[in-house]
Amino acid sequence: QVQLVESGGGSVQPGGSLRLSCAASGSIFSINIMGWYRQAPGKQRELVATINSSGSTRYSDSVKGRFTISRDNAKTTVYLQMNSLKPEDAAVYYCNYYSTPVRQYWGRGTQVTVSS
């Protein structure tokens, strides 16, 4: 079992910034991928960014250049620095953990609101 706890969500104005954190605990494999997904009301959950154990990152086109995903040295916490936020970024952001053999866990989510 892997437990994921997100934090850092909140309400910001367009153009503002937020930094999300996800703390992982439990049976964590040294080789894994952690990432952030988001889901807005009435829409499907979508990938935002991922980072593997080696630090390799991937981003969705919609956030590339504005968001940065990173991990701490212990690889147990993942961050999402969100800059230049747009109203369309508003969603519940979920932390995800993935390892092989396939084992995937989700956090409960943290709300991000972008409005003027």
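The rules behind these values
Residues numbered from 1 in each chain as written. Predicted model: local features only at pLDDT ≥ 70, side-chain atom pairs only at ≥ 80, totals over all residues. Heavy atoms only, no water. Disulfide = S-S within 2.5 Å. Helix = DSSP H or I, 4+ residues; strand = E, 2+ residues; numbered from the N terminus. Buried < 20%, exposed > 50% of the residue type's maximum accessible area, 1.4 Å probe, protein only. Salt bridge = Lys/Arg side-chain N within 4 Å of Asp/Glu carboxyl O. Core = buried A, V, L, I, M, F, W, Y, C linked by side-chain atoms within 4.5 Å. Contact = heavy atoms within 4.5 Å. Pairing = 2+ DSSP bridges. Axes fitted to C-alpha atoms, helices over the stretch in contact; angles between N-to-C directions.

### Re the state of the cysteines
Move 1: Counting across every chain of the model gives 1 disulfide.
Move 2: What pairs with Cys 22 in a disulfide is Cys 95, and their sulfur atoms sit 2.0 Å apart. What sets the handedness of the Cys 22 and Cys 95 disulfide is the S-S torsion sign, and at about -85° it is left-handed. With Cys 22 in strand β3 (residues 18-26) and Cys 95 in strand β9 (residues 91-99), this residue pair connects regions lying 73 residues apart in the sequence.
Move 3: Cys 22 sits in the buried class, given a relative accessible area of 0%.
Move 4: For Cys 95, a relative accessible area of 0% translates into the label buried.

### Looking at the pattern of salt bridges
Move 1: Enumeration over the complete set of coordinates arrives at 4 salt bridges.
Move 2: Where Arg 66 meets Asp 89, a salt bridge forms, and the shortest distance between an N and an O atom there is 2.7 Å. Linking Arg 66 in the loop between β6 (57-59) and β7 (67-71) with Asp 89 in the loop between β8 (77-82) and β9, this pair joins segments that are 23 residues apart in sequence.
Move 3: Take Arg 66: its relative accessible area is 11%, and that puts it in the buried class.
Move 4: Here the salt bridges do not stand alone but share partners, grouping Arg 38, Glu 46, Arg 66 and Asp 89 into one network.

### Quick notes on the nonpolar core
Move 1: Residues Leu 4, Trp 36, Leu 80, Met 82 and Tyr 93 are the most contacted members of the largest nonpolar core, which totals 27 residues.
Move 2: Of all the secondary-structure elements, those providing two or more residues to this core are β1 (2-7), β3, β4 (33-39), β5 (46-52), β7, β8, β9 and β11 (110-114).
Move 3: Contacts of Leu 4, omitting those with residues within four sequence positions, involve Cys 22, Ala 23, Ala 24, Met 34, Cys 95, Asn 96, Tyr 97, Tyr 105, Trp 106, Gly 107 and Arg 108.

### Description of the sheet that holds β1
Move 1: Judged by pairing direction, the sheet is antiparallel, and its 4 strands sit side by side in the order β1-β3-β8-β7 without closing on themselves. Both edges of this open sheet fall to β1 and β7, since each of them pairs with a single strand only. The average undirected angle you get between the axes of adjacent strands in this sheet is 15°.
Move 2: Sheet topology note: the β3/β8 ladder contains 6 bridges and is antiparallel. If you follow Leu 20 over to β8, its bridge partner there is Leu 80.

### Concerning the environment of Tyr 97
Move 1: On the secondary structure map, Tyr 97 appears in strand β9.
Move 2: A sequence separation of 10 residues divides Tyr 97 from Gly 107, and the C-alpha atoms of the two residues are 8.7 Å apart.
Move 3: Here Tyr 97 is in contact with Val 2, Leu 4, Ser 27, Ile 28, Phe 29, Asn 32, Ile 33, Met 34, Arg 103, Gln 104 and Tyr 105, once residues within four sequence places are set aside.

### Describing the environment of Gln 44
Move 1: Along the chain, the position of Gln 44 falls in the loop between β4 and β5.
Move 2: A residue is classified by how much of its surface remains accessible, and Gln 44, at 74% relative accessible area, is exposed.
Move 3: Aside from chain neighbours lying at most four places away, what touches Gln 44 is Arg 38 and Gln 39.

### Regarding the pairing of strand β10 (residues 103-106)
Move 1: Relative to β10, β9 is paired through 4 bridges, and the arrangement is antiparallel. Within β10, the position partnered with Asn 96 by the bridge is Trp 106.
Move 2: Hairpin geometry of β9 and β10 is characterised by an intervening segment of 3 residues between the two adjacent antiparallel strands.

What is shown is where atoms sit, not what they do.
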